[in-house]
Amino acid sequence: MVEENNSLKKSLVILVVFILVIVFVVLFLYFQKNEFFNGEKEMTPEEKIKLQNEFSEIIEQKNPKLCNNLDEKYQDACYIQMGLALENYSLCERDVEDNLIYLRDECFFKWAQSEKDISICDKIEGEGEYYKDKWQCYLSISHSEKDISICDKIDNKKVQSRCYYLFSIEGDDSSVCEKVEETDTTSVNNCYVNVAVNAKDVSLCEKISGSKDTCYILLAKEIGDSQICEKVLGVMEDSNLTLKDSCYLQFASERKDPSVCERFNDPYIKESCIVNAQ
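Treat the numbers as computed from the prediction; the structure is a model and nothing was measured. (Residues numbered from 1 in each chain as written. Predicted model: local features only at pLDDT ≥ 70, side-chain atom pairs only at ≥ 80, totals over all residues. Heavy atoms only, no water.)

Next up on the list: the packing of helix α10 (residues 243–255) against helix α11 (residues 267–277). Following both chains from N to C, one finds α10 and α11 inclined at 30°, their axes separated by 7 Å at the closest point. Here α10 is positioned roughly parallel relative to α11, judged by the angle of their axes. Contacts between α10 and α11 pair L249, A252 and S253 from the former with I269, C273, N276 and A277 from the latter. Within the contact of α10 with α11, the residues separate by chemical class into five nonpolar, two polar and no charged. (Axes fitted to C-alpha atoms, helices over the stretch in contact; angles between N-to-C directions. Helix = DSSP H or I, 4+ residues; strand = E, 2+ residues; numbered from the N terminus. Parallel < 35°, antiparallel > 145°, perpendicular 65-115°, else oblique. Contact = heavy atoms within 4.5 Å. Nonpolar A, V, L, I, M, F, W, Y, C, P; charged D, E, K, R; others polar.)

This part takes up the packing of aromatic side chains. Per the counting criterion, the structure on display carries two aromatic pairs. Sitting over the ring of F109, K132 keeps its end group 5.3 Å from the ring centre. For the cation-ring pair, R263 lies above F264, with the distance from its terminal atom to the ring centre recorded as 5.5 Å. (Phe/Tyr/Trp six-rings, centres within 6.5 Å; stacked < 30°, edge-to-face > 60°. Lys NZ or Arg CZ within 6 Å of the ring centre and 35° of its normal.)

What follows concerns helix α9 (residues 213–223). Helical geometry note: an α-helix holds 3.6 residues per turn, so side chains three or four residues apart project in the same direction. For α9, the set of buried residues is D213, C215, Y216, I217, L219, A220 and K221. Here the buried face of α9 lies against α8 (185–199) and α10. Of the residues flanking the end of α9, it is G224, one or two places downstream, whose phi is positive at about 90°. (Buried < 20%, exposed > 50% of the residue type's maximum accessible area, 1.4 Å probe, protein only.)

As a further point, take helix α2 (residues 45–61). Along its 17 residues, α2 runs 24 Å from first to last C-alpha, staying within 8% of the 24 Å computed at 1.5 Å per residue. Those residues of α2 hidden inside the fold are in contact with α3 (72–86). The positive-phi residue at the C-terminal boundary of α2 is K62, with phi of around 55°. (Expected span 1.5 Å × (residues − 1).)

Right, let's talk about the side chain of D105 for a bit. Turning to its location among the elements, D105 is positioned in helix α4 (residues 101–115). No salt bridge forms around the buried D105; measuring N to O, its nearest opposite-charge neighbour R104 is 4.4 Å away. For D105, the side chain forms a polar contact with the main-chain nitrogen of E125, separated by 3.2 Å. (Lys, Arg positive; Asp, Glu negative; His and termini not counted. Salt bridge = Lys/Arg side-chain N within 4 Å of Asp/Glu carboxyl O. Polar contact = N/O pair within 3.5 Å; in protein donor to acceptor, adjacent residues only side chain to side chain.)

Taken over all residues, the pLDDT of the chain has a mean of 86, while the share at 70 or more is 84%. Confidence drops under pLDDT 50 across residues 15–39; counting only partners more than four residues distant or on other chains, this segment forms seven contacts. (pLDDT = per-residue confidence, 0-100.)

Our next topic: the packing of α2 against α3. Contact geometry for α2 and α3: axes closest at 10 Å, N-to-C directions at 45°. In this view, α2 runs oblique relative to α3, as classed from their interaxial angle. At the point where α2 passes α3, the crossing takes the right-handed sense. Residues L51, Q52, F55, I58 and I59 of α2 touch α3, and the partners they reach there are Y74, A77, C78, Q81, M82, A85 and L86. (Left-handed = near helix turned anticlockwise from the far one by under 90°.)

Let us look at unusual backbone geometry. The backbone of E87 shows a phi angle near 55°, a positive value even though the residue is not glycine. Topologically, E87 is positioned in the loop between α3 and α4. Taking the relative accessible area as the measure of exposure, E87 reaches 58% and is therefore exposed. Positioned with a positive phi, K146 is a non-glycine residue whose angle comes to about 55°.

In structure tokens:
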């Protein structure tokens, strides 16, 4: 009797489990078929083309109000695309879902650039190293307006450092290099190279940590003084030439001064130098 009861219980358990599995499978297939299980129904390629064509027609008519004729879930995207296409960026000021923040931020970024107004940059929500975020927006305006004080307002060390560095490319004030992030020694050194060449000041090469050869080579050509090449100390791998030799060769070629070639004893190098200097 006990064994019969146990057998019956086992059968009932198996039956219940089997029914639950069937119910789960049926529900899963139902949700998957109706595309509720993974969220909103994904558009087919044909639907995407149709929607984009509707956007294009609205943009062509230059009438943002026509966006209201679309399904409500597509209206925000329509307004933002209108804002970008017509450069009427105020159309982008809408509360949007997360999937549209990137597009809206692109609109705010372009708006800020067109108005040269960093307060519009503050509307940008997204962030990231490869994202046109608020601080990248500040950086862009600082350089288009040649206003280094905007760099001071950037609250991101990496972007701020880049902002200061970019001012060295055309500037001659070495103090900007002191604001470049110290841990980024390559950028700091390149900053001093840029400023030294722009200011035509050999002494600024001394501020470089590590090899100063690139700075001296560039300055020799920029100033037109081959004697600066004497400061170059490095060697060239897999070559019989030193970096000092390379400095003189580059100087002769770019300044068209064959007299510099007389320093070479190797007849092949001397001949090549003279040919390039002509």
